[in-house]
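The primary structure of each chain is shown beneath.
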Amino acid sequence: MTAAIIDGKARAAALRAQVASAVAVLHAASGRVPGLAVVLVGEDPASSVYVRSKARATREAGMTSIEHRLPATASADELLALVAALNADPAVDGILVQLPLPKQIDERAVIQAIDPDKDVDGFHPVNAGRLATGIAGFVPCTPLGCLLLIRDVRPQLAGLEAVVIGRSNIVGKPMAQLLLAESCTVTTVHSRTRNAAAHVRAADIVVAAVGIPGLVTRDWIKPGASVIDVGINRTDAGLVGDVDFAGVSAVAGAITPVPGGVGPMTIACLIRNTYVSACRREGVTPDPAI
Ligand code: GUN
């Protein structure tokens, strides 16, 4: 059997187009243009690329991109003062502080300083708590993007066995919560799990987010399973995921490629969250299709 290849690039383009239309409707109705503030501290090359892509996608959706760059030597107090100013600015609907931060700055303190109702990254503990308890908030963009891709190939999620590999606050934990909210039976596999392969072999849905190139091999996969690869690993062989694509695509029912799978969905979901934030702040119901 050969797996269907999940086209994240096309799905992300469709979502971005939907958001752009909805932004135009919001603007026509209220005169409001959603604004996303992106903060980059230092000059990490990968982070600079991400920040530029986020700003471009924001503008392409008809929203305002507000970019702030601080030097790598910036103090925590400088960054916290900027976050406080963005919290207070009515033109700012979403705030994203690009991670990782330089080592002199405590990431947790910065995340906790962001107004939870502008936290379009969904990293604030209030938003993590809302997700865990079923209250509307902001869901982190990468797991939200994964869920949209999973729903496309598995419209009936209730009762399915799902395994999430990885337990980060950014992907693994919120992914497990999202799948639980969809009534999947969820197992989180991590570095201390005994016999990870045995857990994964029972799964209808596998989300790999550990950052180990090619960890998930063909013999780990139940025939027909849906496999979502969040890994972005730069190796001598180029960019590879956490899943051995060639082997796994021979047994899975559907699989995301790297690149072109989950990656493009992250930015599309950031744009989506910013639109939703602007609607909430304006007291308007967001387009339910988004
Ligand atoms: N660094 C890598 N991914 C992300 C993300 O989704 N949000 C932020 N703020 N930083 C990141």
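Just so we're clear, the structure is a prediction, and the values are computed from it rather than from any experiment.

Asker: Mind laying out the overall build of the chain, listing which residues take part and the relevant values?
Answerer: From N to C terminus, the chain includes ten helices and eleven strands. Relative to the 2.2 N^0.38 estimate, which gives 19 Å for 290 residues, the radius of gyration of the chain is 19 Å and therefore close to what a compact globule would have. For the chain, the spread of C-alpha atoms along the principal axes amounts to about 50 × 45 × 35 Å. Within the span of the chain, comprising 290 residues, buried residues form 49% of the whole. Looking at the chain alone, contacts between residues at least 24 apart form 70% of all its contacts between residues at least 6 apart. Carbon and sulfur atoms form 56% of the exposed surface of the chain, whose accessible area is close to 12,900 Å². The average position of the 26 basic charges and that of the 26 acidic charges among the side chains of the chain differ by 3 Å.

Asker: Describe in detail the sheet that holds strand 4 (residues 94-97), supporting the description with residues and values.
Answerer: Taken in spatial order, the three strands make up an open sheet running 3-2-4, and their pairing is parallel. Every interior strand has two partners, whereas the edge strands, strand 3 (64-70) and strand 4, have only one. Strand-to-strand twist in this sheet, taken as the mean axis angle between neighbours without regard to direction, amounts to 15 degrees. Contacting strand 2 (35-41), strand 3 and strand 4, helix 2 (residues 45-60) crosses the sheet at an angle of about 160 degrees to strand 3.

Asker: Explain the environment of T217 to me, using residue names and the numbers behind them.
Answerer: Structurally, the position occupied by T217 is in the loop between strand 7 (205-208) and strand 8 (226-229). Overall, T217 belongs to the partly exposed group, its relative accessible area being 26%. Linking T217 and V248, residues 31 residues apart in sequence, is a C-alpha distance of 6.0 Å. Discounting residues that sit within four places of it in the chain, T217 has contacts with D244 and V248. Separated by 2.6 Å, the side chains of T217 and D219 make a polar contact.

Asker: Summarise the site of the ligand; cite the residues concerned and give the values.
Answerer: Neighbouring the ligand are K54, L96, V97, Q98, L99, D121 and F123. Between the ligand and V97, the relevant distance is 2.8 Å, taken from a nitrogen atom to a main-chain nitrogen or oxygen of the residue. Q98 has a polar side-chain atom sitting 3.1 Å from a nitrogen atom of the ligand. Protein contacts shield 80% of the accessible area of the ligand, which totals 270 Å² for the unbound molecule. In the shell around the ligand, the residues fall into four nonpolar, one polar and two charged.

Asker: Got a sec to walk through the environment of G42? Specific residues and values, please.
Answerer: Mapped onto the fold, G42 is located in the loop between strand 2 and helix 2. The spacing of G42 and A208 is 166 residues in sequence and 29 Å in space, taken between C-alpha atoms. When residues no more than four places from it in sequence are discounted, the contact partners of G42 are L70, P71 and A72.

Asker: Which residues make up the packing of helix 1 (residues 8-30) against helix 10 (residues 263-282), and what are the values?
Answerer: Close contact between helix 1 and helix 10 brings their axes to 9 Å; oriented N to C, the two are set at 20 degrees. By the criterion of interaxial angle, the relationship of helix 1 to helix 10 is roughly parallel. Crossing of helix 1 over helix 10 shows left-handed handedness. Along its contact with helix 1, which presents G8, K9, R11, A12, L15, R16, V19, A22, V23, L26 and S30, the element helix 10 presents P264, M265, A268, C269, I271, R272, Y275, A278, C279 and E282. Looking at side-chain class alone, the contact of helix 1 with helix 10 contains 14 nonpolar, two polar and five charged residues.

Asker: Lay out the sheet that holds strand 8 with the relevant residues and their values.
Answerer: Sheet strands associate in pairs through backbone hydrogen bonding, adopting either a parallel or an antiparallel arrangement. If you trace the six strands from one edge of the open sheet to the other, you get 1-11-8-7-5-6, paired in parallel fashion. Looking at which strands have only one partner, the edges of the open sheet turn out to be strand 1 (4-5) and strand 6 (185-189). Pairing between strand 5 (residues 161-165) and strand 7: four bridges, direction parallel. Counterpart to I165 in the pairing with strand 7 is A208. Helix-sheet contacts for helix 6 (residues 141-153) involve strand 7, strand 8 and strand 11 (254-255), and the interaxial angle to strand 8 is about 160 degrees. Lying over the sheet, helix 7 (residues 172-181) contacts strand 5, strand 6 and strand 7, oriented at roughly 170 degrees with respect to strand 5.

Cut-off values and rules
Residues numbered from 1 in each chain as written. Predicted model: local features only at pLDDT ≥ 70, side-chain atom pairs only at ≥ 80, totals over all residues. Heavy atoms only, no water. Helix = DSSP H or I, 4+ residues; strand = E, 2+ residues; numbered from the N terminus. Rg over C-alpha atoms; globule rule 2.2 N^0.38 Å. Buried < 20%, exposed > 50% of the residue type's maximum accessible area, 1.4 Å probe, protein only. Contact = heavy atoms within 4.5 Å. Areas by Shrake-Rupley, 256 points an atom, 1.4 Å probe, with all protein chains shown as cover. Lys, Arg positive; Asp, Glu negative; His and termini not counted. Charge placed at Lys NZ, Arg CZ, Asp CG, Glu CD. Pairing = 2+ DSSP bridges. Axes fitted to C-alpha atoms, helices over the stretch in contact; angles between N-to-C directions. Polar contact = N/O pair within 3.5 Å; in protein donor to acceptor, adjacent residues only side chain to side chain. Near = heavy atom within 4 Å. Nonpolar A, V, L, I, M, F, W, Y, C, P; charged D, E, K, R; others polar. Parallel < 35°, antiparallel > 145°, perpendicular 65-115°, else oblique. Left-handed = near helix turned anticlockwise from the far one by under 90°.

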